[in-house]
Amino acid sequence: MRSLALLIAALVGLAAMPASAREYKAGTLTITDPWSRATPKGASVGAGYLKIVNTGTTADRLVSGSSDVAGSFQVHEMAMEKGVAKMRQLKDGLEIKPGQTVELKPGGTHVMLVDLKKPLSKDDHFKATLVFEKAGMAEVEFDVLAIGATPSREPAGKQTHHH
């Protein structure tokens, strides 16, 4: 009987947990579920992914960021040009229009962590500061998933991203 009571208490506790892993605010922006993939030993770059929702009435822009795990933090986009995937830094940052949700994900727009100071390892976490043109700074924490991992909310077929 006692073990049944403990089981019920545990299940009630799990039901009370939030559905979203992490959520952060900066002005009218909501940043959710920052994540990254583990990197192989010797890798000098990593990538970060997240969602940004602008609930305000004016556009904002992710212009830069920083993290202790890397020498440089850049916003990049990946696009197909004449059948070839090309990656480039967004020098003016990433615009988030009013009412818009922007998802940074593998195969598209993402954060590049350049000059990694150590490999990113599965189940680790790292902090980063996102800098927005209007909303200012937001401190976030990225979850590091396995190499090649894709969160369950990610559509199938978008599971690889190589640099």
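Scoring rules and cut-offs
Residues numbered from 1 in each chain as written. Predicted model: local features only at pLDDT ≥ 70, side-chain atom pairs only at ≥ 80, totals over all residues. Heavy atoms only, no water. Helix = DSSP H or I, 4+ residues; strand = E, 2+ residues; numbered from the N terminus. Buried < 20%, exposed > 50% of the residue type's maximum accessible area, 1.4 Å probe, protein only. Polar contact = N/O pair within 3.5 Å; in protein donor to acceptor, adjacent residues only side chain to side chain. Salt bridge = Lys/Arg side-chain N within 4 Å of Asp/Glu carboxyl O. Contact = heavy atoms within 4.5 Å. Phe/Tyr/Trp six-rings, centres within 6.5 Å; stacked < 30°, edge-to-face > 60°. Pairing = 2+ DSSP bridges.

Brief notes about the environment of Asp 123
Okay, step 1: By the element assignment, Asp 123 lies in the loop between strand 9 (110-116) and strand 10 (125-132).
Okay, step 2: Classification of Asp 123 by relative accessible area gives exposed; the value is 55%.
Okay, step 3: In sequence terms Asp 123 and Ala 38 are 85 residues apart; their C-alpha atoms lie 8.5 Å from each other.

Here we look at the side chain of His 110
Okay, step 1: Along the chain, His 110 turns up in strand 9.
Okay, step 2: Within the structure, His 110 has its side chain in polar contact with the backbone oxygen of Gly 108 (distance 2.7 Å).

Notes on the pattern of salt bridges
Okay, step 1: For the coordinates displayed, the defined rule picks out four salt bridges.
Okay, step 2: Put simply, Glu 77 and Arg 88 hold a salt bridge, and the shortest N to O gap is 2.5 Å. Of this pair, Glu 77 sits in strand 5 (residues 70-81) while Arg 88 sits in strand 6 (residues 84-89), and the two are eleven residues apart along the sequence.
Okay, step 3: With relative accessibility at 22%, the residue Glu 77 sits in the partly exposed group.
Okay, step 4: For Arg 88, a relative accessible area of 47% corresponds to the partly exposed category.
Okay, step 5: A network of salt bridges, in which partner residues are shared, links Arg 22, Glu 141 and Asp 143.

A short note on the side chain of Thr 39
Okay, step 1: Relative to the elements of secondary structure, Thr 39 occurs in the loop between strand 2 (29-37) and strand 3 (45-54).
Okay, step 2: Among the polar contacts made by the side chain of Thr 39, one reaches the main-chain amide nitrogen of Leu 120 at a distance of 2.9 Å.
Okay, step 3: Residues within four places of Thr 39 in sequence aside, it is in contact with Val 45, Gly 46, Leu 116, Pro 119, Leu 120 and Ile 147.

Some remarks on unusual backbone geometry
Okay, step 1: With a phi angle near 50°, Asp 33 is a residue other than glycine that sits in the positive phi range.
Okay, step 2: On the secondary structure map, Asp 33 appears in strand 2.

Thoughts on the packing of aromatic side chains
Okay, step 1: Overall, the coordinates contain two aromatic pairs when judged by the stated rule.
Okay, step 2: Aromatic pair Trp 35 and Tyr 49: ring centres 4.5 Å apart, planes at 40°, arrangement tilted. Here the residue Trp 35 occupies a position in strand 2, and Tyr 49 occupies one in strand 3, the gap between them amounting to 14 residues.
Okay, step 3: Classification of Trp 35 by relative accessible area gives buried; the value is 5%.
Okay, step 4: Ring centres 4.9 Å apart and planes at 5° place the aromatic pair Phe 126 and Phe 142 in the stacked group. Taken together, the positions of Phe 126 in strand 10 and Phe 142 in strand 11 (residues 136-145) put the pair 16 residues apart, joining distant regions of the chain.
Okay, step 5: Among the residues examined, Phe 126 registers a relative accessible area of 5% and is labelled buried.

Quick look at the pairing of strand 11
Okay, step 1: Pairing of strand 2 with strand 11 involves three bridges; the strand directions are parallel. Following the sheet pairing, Trp 35 is matched in strand 11 by Asp 143.
Okay, step 2: As judged from the eight bridges shared by strand 10 and strand 11, these two strands associate in the antiparallel manner. The residue bridging Phe 126 from the neighbouring strand is Phe 142, located in strand 11.
Okay, step 3: In textbook terms, the turn of a hairpin is the stretch between consecutive antiparallel strands, and for strand 10 and strand 11 this stretch comprises three residues.

That is the geometry; function is a separate question.
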